[in-house]
Structure formats: structure tokens, C-alpha cells
Amino acid sequence: QNPKTSTIVKQLVAEGNAGELQKYFGSRMEFGTAGLRAAMGAGISHMNDLTIIQTTQGFCRYLEKNFSDLKKRGVVIGFDARAHLSSGSSSKRFARLAANTFISQGVPVYLFSDITPTPFVPYTVTHLKLCAGIMVTASHNPKQDNGYKVYWENGAQIISPHDKGISQAIEENQEPWPKAWDDKLIDSSLLLHDPYATVNKEYFKDIQKQCFHRNINKETNLKFVHTSVHGVGHKFVQLAFKAFDLSPPFAVPEQKDPDPEFPTVKYPNPEEGKGVLTLSFALAEKDGAKIILANDPDADRLAVAEKQESGEWKVFSGNELGALLGWWIFTCWKSHNRDTCAIKDVYMLSSTVSSKILRAIALKEGFHFEETLTGFKWMGNRAKQLMDQGKAVLFAFEEAIGYMCCPAVLDKDGVSAAVITAEMASFLATRNLSLSQQLKAVYDEYGFHITKASYFICHDPTVIQQLFDNLRNFDGKNTYPKSCGRFKVSGIRDLTTGYDSSQPDQKAILPTSKSSQMITFTFANGGVATMRTSGTEPKIKYYSELCAPPGNSDVEQLKKELDELVNALEKHFFQPEKNNLQRKTE
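Owing to the predicted nature of the structure, the values given are computational and were not obtained by experimental measurement. (Residues numbered from 1 in each chain as written. Predicted model: local features only at pLDDT ≥ 70, side-chain atom pairs only at ≥ 80, totals over all residues. Heavy atoms only, no water.)

**Student:** For this particular structure, what's the right way to read the overall build of the protein?
**Tutor:** Along the backbone of the protein there are 19 helices and 25 strands. Within the protein, the proportion of its 586 residues that are buried is 58%. Contacts in the protein between residues at least 24 apart in sequence constitute 69% of all its contacts with a sequence separation of at least 6. Surface accessibility of the protein: about 24,300 Å² in total, with carbon and sulfur atoms responsible for 52%. With 67 positive and 66 negative side-chain charges, the protein shows a spacing of 2 Å between the two charge centroids. (Helix = DSSP H or I, 4+ residues; strand = E, 2+ residues; numbered from the N terminus. Buried < 20%, exposed > 50% of the residue type's maximum accessible area, 1.4 Å probe, protein only. Contact = heavy atoms within 4.5 Å. Areas by Shrake-Rupley, 256 points an atom, 1.4 Å probe, with all protein chains shown as cover. Lys, Arg positive; Asp, Glu negative; His and termini not counted. Charge placed at Lys NZ, Arg CZ, Asp CG, Glu CD.)

**Student:** Help me out: how do you make sense of helix α5 (residues 91-104) in this one?
**Tutor:** An α-helical segment advances 3.6 residues per turn. Residues three or four places apart therefore align on the same side. Between the first and last C-alpha of α5 there are 20 Å, a value that for 14 residues agrees with the 20 Å anticipated at 1.5 Å per step. With respect to burial, α5 is a largely interior element, 11 of its 14 residues being buried. Looking at α5, one finds that the buried residues are Ser91, Phe94, Ala95, Arg96, Leu97, Ala98, Ala99, Asn100, Thr101, Phe102 and Ile103. (Expected span 1.5 Å × (residues − 1).)

**Student:** Mind showing me how you'd approach the UniProt feature "domain: Alpha-D-phosphohexomutase alpha/beta/alpha" (unreviewed entry) in the protein here?
**Tutor:** The positions UniProt marks with the feature "domain: Alpha-D-phosphohexomutase alpha/beta/alpha" (unreviewed entry) are residues 29-175, 201-307 and 347-446. With 37% helix and 19% strand, residues 29-175 has end C-alpha atoms that lie 16 Å from one another. With 32% helix and 16% strand, residues 201-307 has its two end C-alpha atoms placed 34 Å apart. (UniProt positions renumbered as here; feature names shortened; annotations may be inferred.)

**Student:** Mind showing me how you'd approach the pairing of strand β24 (residues 539-547) here?
**Tutor:** Working note: regular strand, side chains alternate between the two faces of the sheet. Counting buried positions along β24 yields 8 of 9 residues, so the element is predominantly enclosed. Note: strand β18 (residues 449-457) against β24, 9 bridges, orientation antiparallel. Residue Phe456 lies in a different strand from β24, and its bridge partner there is Ile540. Taken together, the 7 bridges between strand β23 (residues 527-533) and β24 define a ladder with antiparallel strand orientation. Bridged to Gly527 within β24 is Leu546. What sits between β23 and β24 in their antiparallel hairpin is a turn of 5 residues. (Pairing = 2+ DSSP bridges.)

**Student:** In this structure, what is going on with the domain arrangement of the protein? I would like to understand it.
**Tutor:** Assigned domains within the protein: domain 1 (3-193), domain 2 (203-311), domain 3 (319-446) and domain 4 (448-583). Listed per partner, the contact involves 19 residues of domain 3 and 14 residues of domain 4. For the domain 3 and domain 4 pair, buried surface summed over both sides reaches about 1,400 Å², with 62% attributable to carbon and sulfur atoms. It is Val353, Leu373 and Tyr443 in domain 3 that bury the most area against domain 4; as a group they hold 35% of the surface buried on that side. Our count for the domain 3 to domain 4 interface comes out at 1 salt bridge. (Domains from an automatic or database assignment. Buried area = accessible area lost by both parts, 1.4 Å probe. Salt bridge = Lys/Arg side-chain N within 4 Å of Asp/Glu carboxyl O.)

**Student:** Would you explain the state of the cysteines in this entry?
**Tutor:** Disulfides are covalent bonds that connect the sulfur atoms of two cysteines. In total, this model carries 0 disulfides according to the counting rule given. Of the cysteine sulfurs around Cys211, a residue in no disulfide, the closest is that of Cys332, at 9.4 Å. Among the residues examined, Cys211 registers a relative accessible area of 13% and is labelled buried. (Disulfide = S-S within 2.5 Å.)

**Student:** Explain the pattern of salt bridges to me, please; I cannot follow it from the model alone.
**Tutor:** Where charged atoms from two side chains of opposite charge come close, those side chains can pair. One pass over the structure, following the stated rule, counts 41 salt bridges. With a shortest N-O distance of 3.0 Å, Arg93 and Asp183 are connected by a salt bridge. With Arg93 in helix α5 and Asp183 in the loop between α7 (162-172) and β8 (192-193), the pair connects residues that are 90 residues apart, well separated along the chain. The exposure class of Asp183 is buried, given its relative accessible area of 10%. Between Asp444 and Lys440 there is a salt bridge, with its nearest N and O atoms 2.9 Å apart.

Next up, the structure:
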């Protein structure tokens, strides 16, 4: 019943434009563990009013099956600031339609009355003991995209088999229920609640448990610049600084207010490097700030840059910031926990494609480190299991600039990560240390971990399939490569098929998934490289790392060796020319 998408479709029918209609209606968006992510527009392959209604109807029926007390507990729904004029779509509109679906079935809905960071949804699920949460966001995707992210009652993103169950329920509930389109009905419903004020108060109270140096924060002369890259983060990072007694960061004026057009950046993704931070660098130079904190548009990720003595800006990689935050959070824990026995219940987590620096710190300091599959859905669920067993999960991170610094949110959280980074930097400044100097100190103590990651863009799923099939049948059927250029392969783990050459039974320990591609190669020189497909973008990604034991300080030699390994990986395993792959551009 959306007049805009309806008109688009009618026009295509009138023109007899079968090609475009095939694009819109050829296949339904797939509901996976990441929920939905697609462009906004007409048809079942896009995010629009109808597909949101259908998805929520399926999700509602699935929750009714799983929770006998759904009508007592309810769900939370949040949204970012995305909008798409030509299809009349917006995150807020989608959130209201989803709320209407649940309320029509007698389910209480805690619908945020205003835009909110993604981490506030999992926080609310846990804090209010709700059955589930929905966040309408496409995070840092291009402006035409939107998404529908789902959390379970444990406050973590869903994992299998819930995605299959929800997908099945969507298939069975495609016809909109009576009144499905009339979202005005919710405004007078007693089942509609607004958690905005409560959650804003409680969240900032909870993250203060991670504030350890209030006096230093009050006194520090260190200046920070913050950008929310036209997303939702501005107000919440300002409040977080206030909660920690830090002076507010300078906000990049052109980017601080939400704008669905993201007018000042090519991609609204701070992971893409210095291009996104151009305006931040200019403001920092003007105001004499040494550190830049950048959130992605839904404020669940954080990028950090620091001005070096040379005058250059260093943008920390996700792995480097992970090393710093891991060191910092453990240091703070240790200074407040004199009981040496307590360390046996302390855990840190990272994903299998992230740097192993936490493993090195854990080995030396005596706490536990675990790795999980890629993505916070795995780390969040594992963290909850450990916490339920009475363990303390201090920190989890992934190289894609995602950090879980506070156990109140079982997902990545760019708001708490920003303010904790600011406190760490303020503390180090009292010791006349920069973040870069401290990072070197961490590597000196625990061993250098040099990483390099990038991706190729490929829009053709058959090419991707062939590329990975080729790796699995490299020297004849069912044989993996024995070398990559001059680098000898010493181990292979394939989490698509479940093969692991290092295990006695050759079966991988981590869960496997046939629906995504992921192969990890270990090399005789100590290097590790993983190739995998992205769950939300048309990319084949790679991650590589060389780890040296403490004391090996020839960093330049390590970097040179890793560069050569990566070049060989691209040339022999990706074969970009043959496969017509598009390189990442800055």
C-alpha cells in the first residue's frame, strides 16, 4: 500500500520492463544470522514497507512459538536515521511498521521515540529482560541500503538455527495481516512503551563501571575530535564523555547531525581509511586536538587516529586498537583485583580473523583467551555462556573496528569504546606517553603482531564459488595448495567444509557453515592468512598476520615479509586479473 513503491512497480509493468521486474521480484531477500541487509526500493528483493511487514510477521510467529510469556515481556525496537525518498522508506517508518505488527498480536513493544545507537537495543533486551530486539540499520553500508538486525533474549545477535526458523516463518506469513499498514494505531495503544529516557539514564550509569581514573579525566589537557559521520553517535558520545567527567570532544560540525545522504563522504565507513576523516583532521589541526574518535553511522564501531610527532596522522587498525584496549582493560582490572585466584575466571575473546595479540597477553598474564568465528554474534553468545558460568568477560574485539568493552552490552559498542579510549589516552598523557608509544610497549612486552587485511569486490557469486573451488582442488581433486609462491603452506582449516589438517581427526573445532566461504592457511614462516566472503557486501576479504615472540624487534623485516606473503596470496590464490576482481580503492 506504499504509493511510491506501488507506482514504481505499476510503471514497470506498463512499460513491460521484464528485466527490472526480474531484479525486484526474482528472489526474496535472504534472512540470515545478520537479519536482512539490502537496498531500499520496490519488490521482494529490497527493503520496503511490505518486506518489513512480512519479516516482522514471521519473526512474531517464531517468537510466539519460542516464548510462552512473549505477551508479558515484549520486544524492543530501535532505528537509525536512514531514509530513501524515492521509495518513501526510512528506518523510523520501518520501525513503526514492525511495532504495529507486534502490537496487533498483543505483544508489548518498547519502541525508541528517537534515533539510537545500535548497542542500545541489545542493552535494552538485557536490562528490561525482554524476549528479543530489532534494530533497523544498515550500519556503514552505502546510503541506499537498510537493514533489520535481530537480538535474542540473551542480548546477543541470533545464531543458527534461529535464522532458519525465522526465515521459514516469514515464508509462511507473507500476506499482510489486517491493519498491518496502519502504523498510526500504535500511538494510542497501551502496549507501546518508550524506553528512551530510562535507557539513556541506565546505560550511562552502567558504563561508568569502566571508568577508573575520574580525577585524571577532570584535569586532562588532552583534546579530542569526534565525528559521527552523519549518523546517530554525536549526542551519545557527548553524554559518555560527561559520564566520565571528560571535557566534551570537538564535534566535526559538517558531520555531527544525522543526514541520510552522507554528503561529505564517499562511503560512511571509518574503516575505509583516511578519506572519511579528512574533515576531522582539519578540525583537529584548527583546535589543537591530538586524537580523533570516529564512529560509523549506527555508532557500534570506532576508528581512532592520533597525531604523531612528525605531524602525520596515524589511523590505528582494528587490531592495533584491539591490542591497546585489551592491554588497558586488563591493566585496570588488575589494579582493582588484588586476589590472584580471580584471574582464573577472567576471559577475553576475539574472532578468528583478528590479531592473536590477546592470546599472547593472556598467556603471559594468566587469564583465558578464546577465539570464535567471525562476527559479534559468536562473541556475544559465547560471552553470555561464560558469564552465566560465573566468569568475567572483560573484553572482546574483531579487526573490523568492533569492540565490546562493557559486559552490559553483548555486542560491539562504539560509544563505550570511544570514551574508554579517551580515558586511556588521558591516563597515558600523565606518563608522557602517546597511544602509538604505548602500542609499541605492548608489542615489546608481548611480541610483535603485524597484520594486513584488505578485500576484492566481486558481484558474481559464480566467480566467487569457482575461486574457492579452485583452492580446494588446487593440484587435482580434493587437494589444497602446498605453497603460495615461495611460502610453504604448513596447515589448512576450511570452515566451509569442516576440514582442519592440524586436528588428529582432521575435523575443525569451530562451527562450520556451508553457506559462506572461509579458508585459513598457516605458513611455515609463522604467517597466517584467511580468505572469506562477506555476509553483507559483495566482497572477498583477506586477513594476514605474522606473530613474533617477545624480543624480536626487527619490525621492518617482519613487515617486509608479510607484504611479500600478501602479494603472493593475491597473485596465486585470488588471481584478480583472471577472475576480474576489483581491488579496494582508498
